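Structure at a glance
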Amino acid sequence: MNGVVYKSTGSWYSVKAEDGVFYQCRIKGRFRIKDIKNTNPIAVGDGVSFELEKSGNGVIFDIHERKNYIIRKSVNLSKQTHIIASNIDIAFLVVTLNNPPTLTAFIDRFLVTAEAYSIRTILLFNKIDTYTPEELDEIKYLAATYRQIGYECLGISAITHKNIDKLKELMQNNTCVISGHSGVGKSTLINAIAPELNLKTAALSVQFQQGQHTTTFAQMYDLDFGGRIIDTPGIKGFGMVDIEKEELTDYFPEFFRLKSECKFNNCLHIDEPKCAVKTALENDLISWSRYKNYLQILKGEEEHYRTDEGEEES
């Protein structure tokens, strides 16, 4: 039988078969360790083949070829990689200015990975109903920075439902993944999109401005207006996986557009002469924060993120 993985708990997988019936499946023993370097050999969104046992449960014996996936390296387990979701049409990255803060380093690492696997990404600036006029100006500036590069941005509120209808139009007939830090409002947003799902939510920790990890495992849901949505656990950091230094510039679209104008074909845009990217940077045609984050990734530095006290660390 063939089906699609809708939920993964690490040892059991909920698979929707072609006939629409859900089966609880596990991985065949030998298959589990074969060429697997990820913490999760099977991800939500994977197409799989499985056979039924007498118990009514299934045993997965094959993963179908993935068209793409979002993968990250854990900040705390640097040797482990984790596939967040696979076979994605659109990735929505939920961004909040504060409560909790989403730094551009996190945004850019997510975007680079999405670019590497040709996944259309849309930035959702959530909780815009909570911001002061000055904070809204910051959001508009940040959105303008990414729109100039070519990324779609949408200001939303999961509470007041601002632009939720626009979001639903984007999602229609697509398989979408919702990602972001804990506490940015992913589950609340999904409830606004599809109230019938009634996902568990929790208030943000006032003391630490962090989310409560209400989503423990990635899970996909069918939407009654067409399409599917994948809810994912909150991510603290986004470690890069399998991107060569020479390739990195290709995944920054504004750098890639200028690459042919650099003197050297293999220009890394650091201190090479006649570098079109550095010239554009000096003329404020490229975001300095993007360039700073590019250098951080290029040098293999760990991502900086906010601590509970609000200071940055890596």
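Residues numbered from 1 in each chain as written. Predicted model: local features only at pLDDT ≥ 70, side-chain atom pairs only at ≥ 80, totals over all residues. Heavy atoms only, no water.

Right, let's get into helix 2 (residues 104-116). Taking 1.5 Å of rise per residue, the 13 residues of helix 2 would be expected to cover 18 Å, and the 18 Å separating its terminal C-alpha atoms lies within 8% of that figure. Most of helix 2 sits out of view: 10 of its 13 residues are buried. Buried residues of helix 2: Ala105, Phe106, Ile107, Asp108, Arg109, Phe110, Leu111, Val112, Thr113 and Ala114, and no others. At the C-terminal side of helix 2, Ser118 shows a positive phi close to 55°. (Helix = DSSP H or I, 4+ residues; strand = E, 2+ residues; numbered from the N terminus. Expected span 1.5 Å × (residues − 1). Buried < 20%, exposed > 50% of the residue type's maximum accessible area, 1.4 Å probe, protein only.)

Helix-helix packing is described using two parameters, namely the angle between the two axes and the distance between the axes. Contact geometry for helix 2 and helix 9 (residues 288-298): axes closest at 10 Å, N-to-C directions at 70°. The orientation of helix 2 with respect to helix 9, classified from their angle, is roughly perpendicular. Taken as a pair, helix 2 and helix 9 cross one another with a handedness that is right-handed. Within the contact between the two elements, helix 2 uses Thr104, Ala105, Asp108, Arg109, Leu111 and Val112 and helix 9 uses Ser289, Arg290, Asn293, Gln296 and Ile297. Among the residues making up the contact of helix 2 with helix 9, the classes are represented as four nonpolar, four polar and three charged. (Axes fitted to C-alpha atoms, helices over the stretch in contact; angles between N-to-C directions. Parallel < 35°, antiparallel > 145°, perpendicular 65-115°, else oblique. Left-handed = near helix turned anticlockwise from the far one by under 90°. Contact = heavy atoms within 4.5 Å. Nonpolar A, V, L, I, M, F, W, Y, C, P; charged D, E, K, R; others polar.)

Our next topic: the confidence of the model for the chain. Chain-level pLDDT for the chain is 85 on average; 84% of the residues reach the 70-or-more range. A low-confidence stretch, residues 202-215 stays under pLDDT 50, and its non-local contacts, those more than four residues away or across chains, total 28 contacts. Considering only residues more than four positions removed or in separate chains, one finds that residues 305-314, a stretch of pLDDT under 50, has 21 contacts. (pLDDT = per-residue confidence, 0-100.)

What follows deals with the packing of aromatic side chains. Given two aromatic rings, one states the distance between the centres and the angle between the planes to describe the pair. Scanning all chains against the criterion turns up 10 aromatic pairs. A ring pair is formed by Phe252 and Tyr294, whose centres lie 5.4 Å apart and whose planes are at 85°; its orientation type is edge-to-face. Of the two residues, Phe252 sits in the loop between helix 6 (245-248) and helix 7 (253-256) while Tyr294 sits in helix 9, which places them 42 residues apart along the sequence. Its relative accessible area of 0% is what places Tyr294 among the buried residues. One aromatic cluster is present, formed by Phe252, Phe255, Trp288, Tyr291 and Tyr294 through successive ring pairs. Directly above the ring of Tyr69 sits Arg66, whose terminal nitrogen or CZ lies 5.7 Å from the centroid. (Phe/Tyr/Trp six-rings, centres within 6.5 Å; stacked < 30°, edge-to-face > 60°. Lys NZ or Arg CZ within 6 Å of the ring centre and 35° of its normal.)

UniProt marks Cys262, Cys267, His269 and Cys275 with the feature "binding site: Zn(2+)" (unreviewed entry), using the numbering shown here. Among the secondary structure elements, Cys262 is positioned in the loop between helix 7 and helix 8 (276-282). With relative accessibility at 6%, the residue Cys262 sits in the buried group. Aside from chain neighbours lying at most four places away, what touches Cys262 is Cys267, His269, Lys274, Cys275, Ala276 and Val277. Tracing the chain through its elements places His269 in the loop between helix 7 and helix 8. His269 gets classed as buried once you look at its relative accessible area, which sits at 0%. Apart from residues lying up to four places away in sequence, His269 is in contact with Thr249, Phe255, Cys262, Cys275, Val277, Lys278, Tyr291 and Tyr294. (UniProt positions renumbered as here; feature names shortened; annotations may be inferred.)

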